[in-house]
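Now for the letters of each chain:
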Amino acid sequence: MKKWRWMGAVTVVLLLAAVSLSACSSNGNSKPNAENGAGTPTASEGNAEKPKEIVELKALFPGDTPQGFDEVMAAVNEKLKKDNIGASLKIQFIPWSDYGNTTSVKIAANEQFDMFLEAPWLHMGQMIASDSIYALDEFVEGREELKQSIPEMMWEANKFNGKIMGIPLGTTQTMVYGFQVRKDLREKYGLPEIKTLDDMVNFLYAVKENDKDLIPFVVDQRTAGHNAQRFNSLYYTNDYDGFAVTNEFLATSDKKVIPIYERPGYENGYKYSEQFYKDGIFHKNIMQEQNAATLFNQGKAASYPYYSDGVVNYTDLLKNVPGAELEIVVPAVDGWKPLSDFKQWNFLSVPKYSKNVELVMDVMNWLSIKENHDLLEYGIQGKDWNPVGESGYESISDYSFPGYVMTWRPQLARTPSTMIADDKKWVDFSKDANNFSPAVTTGFTANLDAVKTEIAQITPLNEQILSPMAAGLHKFEDGIAKYKSEMERAGSQKVIEELQKQLDAFLAGK
Amino acid sequence: MTLFDGFLIKTENDEYSTWRRYGSLGSVRMSQAILANNSPAIAFALSVLRTKEIVALKNKIMESYRQAFKSPFLILLAVPGLITLFIFNYLPMYGVLLAFKDFDYSKGIWGSSWVGLKNFEYFLTSSQLFVVIRNTLLLNVAFIVSQTIAALAIAVLLNEIRIKWFARLSQSVIFLPYFMSWIVVGMITQSMLGGQNPTVNEWLIQLGLSEVNWYFEAHLWPWILSVIKVWHGAGYFAIIYLAAITSIPEDLYEAAKIDGASRFQAVRKITLPLLIPTISILTLLLIGRIFNGDFAMIYAIVGDNSLLFPTTDVIDTYVYRSMRVLNDFGMSSAVGLFQSVMGLVLVLAVNSFVRRVSKESALF
């Protein structure tokens, strides 16, 4: 008896194993068929007046699914159907931590999807080198709305080896660095308007003197490295030469590749950091700070980094801290024309395995029409947002679509109604390509394959040495000496030669 | 009586040694299966055993076969496990090739070009090589030792609790942190030790001690991380040890009691010695992964705070930072392979040492 009971159990186990295994394999086999997409109408949609067959386009983007996304998506697909584009969208969000690996593995495994966020900081270089994504030039041509919504300079500068490898997504050309400053405090101390970096430094010390409990300048550990540029007086002039080729190497206006520390005035920012840390302008635990924005918004700090990226992060401050007023300080000289390579960080690319590239571009063109752009980026009008004037909007729900994955267009972006005038001034400044002088590297993308070993050893030096130095923890002289020797040990000379060779070849062919 | 018992009794004449062989190990084997990410390592190790041992092993295996035929269903039971082992542990080993390839998405693993040992170069010539290997090894040794001691203490104490519901409750409560994600643990640590007014510093002040700037003091962090690791994982190992303790026959304790042994003596003379094979095997399994830093834990807690790198930067976090720009599969696989091979070598070395001391406690 007992024996039979055991046999029963064993049979069940075996059956389960067999079923699950076969389920796996049949899944694997059926996938390409099911998702081959092209020409397969989705059952639920279709059948309107002389409609095109609807193909479901699958998109992969990083991040979390926005709140209320399903409703907006339904509205988007409804509108797509009404406009007879012949496509519906299916967007899958993948958590940031997995996004890079997931997409590259899916591409390596030839899995079917039609568009995804690609970027040089992700694996765009490899994707291009391995011919895994479409060159979109011919598809952009003739899709007027899409073409018009992005300035010519931005199209031009974001080509890779002369080809459009992804639709450049961005609202600004190059972010401008500056400070968010508590105007009410400045006036309380009787200080004049901040016009130069020296004025800014005076303000920081005035805070230190007058309000002992306030942190004069609060910054997250993650972005403390930007102090080096933010507190460099040269940055705010037209003499700030050199534009990044990689994180560690610059190209100067006389077409030479140099390591960052050879840039004139490189030490300025670090010297300030060193002094600020000692004098308590930065707070003591800057190296593990993760809540700088919160501290500033709670009124516990007098200034905070500013980037002209169009993101409004000060609403809580103005709402919750009594008497708080804000001004944006970019202590630049008159006629400031910072360098830019007009390069965008994010691109929408189409994998070679997708059979729907024409349709993807139709949808992207469709999304470049203001009405459609607004629908996906800001949600359903009246429910998620209300227009404010011609180019503003007021958000009335928690819906927030990460526009940088798909919908960002400099000509279409609306500014939030909560954005203060100072901020809008600099955001508008950054949108306009004419405000920047083109860097020599405009249109150039370095291929790091030949110097991978060196780059892999150089990359971690940033967190290891530069970041604490920019937080003011190490003496500049000691830190930079160490950085130089580590860079040289890792083979910076070889990298410079390689980058110089590539840049020369690029410039010669221009 | 279950089929298992019958199997065991038939195998050996001496009931006590049977128990010693299989009773306590039964639970260990189970935990082994859970822990064993290095079963390929074991398989490989088996193949390099010396001839004399192979003959002995062969006899043993033949004996097992004979037994197996008497109860074939036991073998059948193993089939699903073997299949999953093959699919998830052996098939993916094909990916080891990546370490020697200039991997290219479009060409696939096989189609990419060979680059020899080029992928290993960056790691092995890095100026941080010594620091990160040292940190990885020392931190893991600290984790293994502290966790084992804490888990044993918890298991022995739990075993002494006579009120059943309370024992179960405590067991669950101690086990609970194991299910907590490292991200959450990182945030808890941050609020205890970081921020403007760290909670722990407030305690220190109340005790009349001076404040500590935790995130600046690299030398404290091996200890802090060990404490966190014990809090997080000791409950898990305690349950394994508790299972092993339960399988120690009650009569041993009864005999000891009759001879007038105190509880403490019983623990020292019976429980602990009989747990040694379990301890040794669990430790050996952990040593197999000693070159693998616990990335999830260390990155969630330390992050990019370079002030703590001198003592907390492990191979995995260093490689993560190196690859931020390149995202190179080949180079990261090379480091992974390096870690596995070093782990295997260590397991073989330690195991052969353990064998010399006590055959019972060795893995193979």
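Quantities reported herein were computed from a predicted structural model and do not represent experimental measurements.

This part takes up the overall build of chain B. Counting its regular elements, chain B contains 18 helices and two strands. Each of the 364 residues in chain B was classed as buried or not, and the buried ones make up 30%. The contacts in chain B between residues at least 6 apart in sequence include a share of 72% that link residues at least 24 apart.

Each helix and strand counted, chain A has 20 helices and 16 strands in total. Relative to the globule expectation of 24 Å for 510 residues, the C-alpha radius of gyration of chain A, 26 Å, shows essentially globular dimensions. Summarising its shape, the C-alpha atoms of chain A cover approximately 85 × 70 × 55 Å along the three principal directions. Across chain A, contacts joining residues at least 24 apart in sequence account for 77% of those joining residues at least 6 apart.

All names here are of chain A. Looking at chain A, the domain boundaries give domain 1 (1-33), domain 2 (55-173 + 344-405) and domain 3 (175-337 + 446-510). Centre-to-centre, using C-alpha coordinates, domain 2 lies 31 Å away from domain 3. Residues that form the side of domain 2 that touches domain 3 fall into these classes: one nonpolar, three polar and no charged.

To continue, consider unusual backbone geometry. All names here are of chain A. Residue N110 is not a glycine yet carries a positive backbone phi of 60°. Of note, N110 is situated in the loop between α3 (96-108) and β3 (115-118). At F342, a residue that is not glycine, the phi angle is positive and equals roughly 55°. With respect to the secondary-structure elements, F342 resides in the loop between β11 (339-340) and β12 (346-349). F342 gets classed as buried once you count the C-beta atoms within 10 Å, which come to 21.

Quick look at the nonpolar core now. Among the nonpolar cores identified, the biggest contains 139 residues, and V218 of chain A together with A151, A155, A238 and Y241 of chain B are the most heavily contacted of them. With 14 residues, helix α12 (residues 221-246) of chain B is the largest single contributor of residues to this core. Ignoring anything within four residues of it in the chain, the contact list for A238 of chain B reads A151, I154, A155, L158 and I174 of chain B.

What follows deals with the packing of helix α14 (residues 263-287) of chain B against helix α18 (residues 329-357) of chain B. Residue and element names in this part refer to chain B. Where α14 contacts α18, the two axes come as close as 9 Å, and the packing angle between them is 160°. Put simply, α14 runs roughly antiparallel to α18. When the axes of α14 and α18 are compared, the crossing they make is right-handed. Between α14 and α18, the residues in contact are S280, L284 and I287 and L346, V347, V350, N351 and V354, respectively.

A separate point is the interface of chain A and chain B. Tallying the contact residues gives 38 residues for chain A and 34 residues for chain B. Elements supplying a minimum of two residues to the side of chain A that touches chain B: α1 (2-35), α3, α4 (124-129), α17 (452-458), α18 (461-470) and α19 (476-490) of chain A. Looking at the side of chain A that touches chain B, the element that brings in the most residues is α1 of chain A, giving six residues. Of the residues that constitute the side of chain A that touches chain B, the class distribution is 16 nonpolar, 15 polar and seven charged.

Let us look at the pairing of β3 of chain A. All names here are of chain A. Of the two faces of β3, both are covered, the one formed by M115 and L117 as well as the one formed by F116 and E118. As paired elements, strand β1 (residues 55-62) and β3 share two bridges and run parallel to each other. The residue bridging L60 from the neighbouring strand is F116, located in β3. Here β3 pairs with β12 via three bridges, running antiparallel. What sits directly across from E118, in β12, is F347.

Residue and element names in this part refer to chain A. Read from one edge to the other, the open sheet built from three strands follows the order β13-β14-β15, with strand pairing classed as mixed. Of all strands in the sheet, those with a lone pairing partner are β13 (385-388) and β15 (415-416), marking the two edges. Looking at chain direction, β13 and strand β14 (residues 392-395) are connected through four bridges and run antiparallel. Bridging from a neighbouring strand, V388 pairs with G392 of β14.

Here we take up the UniProt feature "domain: DUF3502" (unreviewed entry) in chain A. Feature annotation in UniProt places "domain: DUF3502" (unreviewed entry) on residues 441-508 of chain A, given in this structure's numbering. For the annotated span residues 441-508 of chain A, helix accounts for 72% and strand for 0% of the residues, and the straight-line distance between the end C-alpha atoms is 12 Å.

A few words on the pairing of β1 of chain A. Sheet analysis places β1 of chain A next to strand β2 (residues 87-94) of chain A, joined by eight bridges and oriented parallel. Residue pairing across strands places A59 of chain A opposite I91 of chain A, the latter belonging to β2 of chain A.

This part is about the sheet that holds β3 of chain A. Residues and elements named next belong to chain A. As summarised here, the arrangement of the five strands in space is β2-β1-β3-β12-β4, forming an open sheet in which the pairing is mixed. Both edges of this open sheet fall to β2 and β4 (167-169), since each of them pairs with a single strand only. Sheet twist, expressed as the mean angle between neighbouring strand axes with direction ignored, is 25°.

Attention now goes to helix α5 (residues 72-90) of chain B. At 3.6 residues per turn, the α-helix brings residues three or four places apart onto the same side. Look at α5 of chain B: 25 Å from first C-alpha to last across 19 residues, which is about the 27 Å you get at 1.5 Å a residue. At V79 of chain B, α5 of chain B is deflected by roughly 30°, the largest bend along its length, and proline P80 of chain B occurs up to four residues later in sequence.

This part covers the confidence of the model for chain B. Residue and element names in this part refer to chain B. Averaged over all residues, the pLDDT of chain B is 82; the fraction at 70 or higher stands at 84%. Contacts of residues 1-50 to residues separated by more than four positions or lying in other chains number 57 contacts, the stretch itself having pLDDT below 50. With a pTM of 0.75, the predicted complex shows an ipTM of 0.73.

Residue and element names in this part refer to chain B. Along the chain, V132 falls in helix α8 (residues 129-160). Note: C-alpha distance between V132 and T312 (180 residues apart in sequence) is 8.0 Å. In this structure V132 touches D313, V314, I315 and Y318, once residues within four positions along its chain are discounted.

Glancing now at the environment of I194 of chain A. Residues and elements named next belong to chain A. Following the sequence through the fold, I194 ends up in the loop between α8 (183-188) and α9 (197-210). For I194 and N291, which are 97 residues apart along the polypeptide, the C-alpha to C-alpha distance reads 26 Å. Non-local contacts of I194, meaning those with residues more than four positions away in its chain, are made with V181, R186, D199, M200, F203, V329 and P331.

What follows is about the confidence of the model for chain A. Residues and elements named next belong to chain A. Averaged over every residue, the pLDDT of chain A is 86; residues scoring 70 or more account for 90%. Across residues 7-13, confidence stays below pLDDT 50; counting only partners more than four residues off in sequence or on other chains, it has six contacts. Low pLDDT (under 50) marks residues 15-48, which in the prediction has 27 contacts with non-local residues, meaning those over four places away or in another chain.

Calculation criteria
All residue numbers here refer to positions counted from 1 along the written sequence of the relevant chain. In the order they appear in the text, chains get letters beginning with A and ligands get numbers beginning with 1. Under the rules for a predicted model, residues below a pLDDT of 70 receive no local features and side-chain atom pairs below 80 are neither given nor counted, while totals for whole chains, interfaces and linings still include all residues. Helix and strand assignments come from DSSP, with helices taken as H or I runs of at least 4 residues and strands as E runs of at least 2, each series counted from the N terminus. Residues are called buried when their C-beta atom has 20 or more other C-beta atoms within 10 Å, exposed when it has 12 or fewer, and partly exposed otherwise; all C-beta atoms are positioned from the backbone. In this description, a residue-residue contact is defined by the distance between C-beta atoms placed from the backbone, which must lie within 7 Å. For a compact globule the rule gives 2.2 Å times the number of residues to the power 0.38, and the radius of gyration it is set against comes from C-alpha atoms. Domain limits in this description derive from either an automatic procedure or a database domain assignment. In this count, Pro and Cys sit with the nonpolar residues alongside Ala, Val, Leu, Ile, Met, Phe, Trp and Tyr, while Asp, Glu, Lys and Arg are called charged and the others, Gly among them, polar. Nonpolar core, as used here: buried Ala, Val, Leu, Ile, Met, Phe, Trp, Tyr and Cys residues forming one set through C-beta atoms within 7 Å. What counts as an axis is a line fitted to C-alpha atoms, over the stretch in contact for a helix, and the angles between N-to-C directions run from 0 to 180 degrees. Geometric relationships in this document are graded by angle, where less than 35 degrees denotes roughly parallel, more than 145 denotes roughly antiparallel, 65 to 115 denotes roughly perpendicular, and other angles denote oblique. Crossing handedness is read from the near helix: turned anticlockwise from the far helix by less than a right angle, it gives a left-handed crossing, and turned clockwise, a right-handed one. The pairing criterion for strands is at least two bridges between them, as found by DSSP. UniProt positions are given in the numbering used here, feature names are shortened, and annotations may be inferred rather than shown by experiment. Multiplying 1.5 Å by the residue count of a helix minus one yields the expected span of that helix. In this scheme, the bend at a residue equals the angle between the axes fitted to the seven residues that finish there and the seven that begin there. pLDDT expresses how confident the predictor is about each individual residue, on a scale running from 0 to 100.

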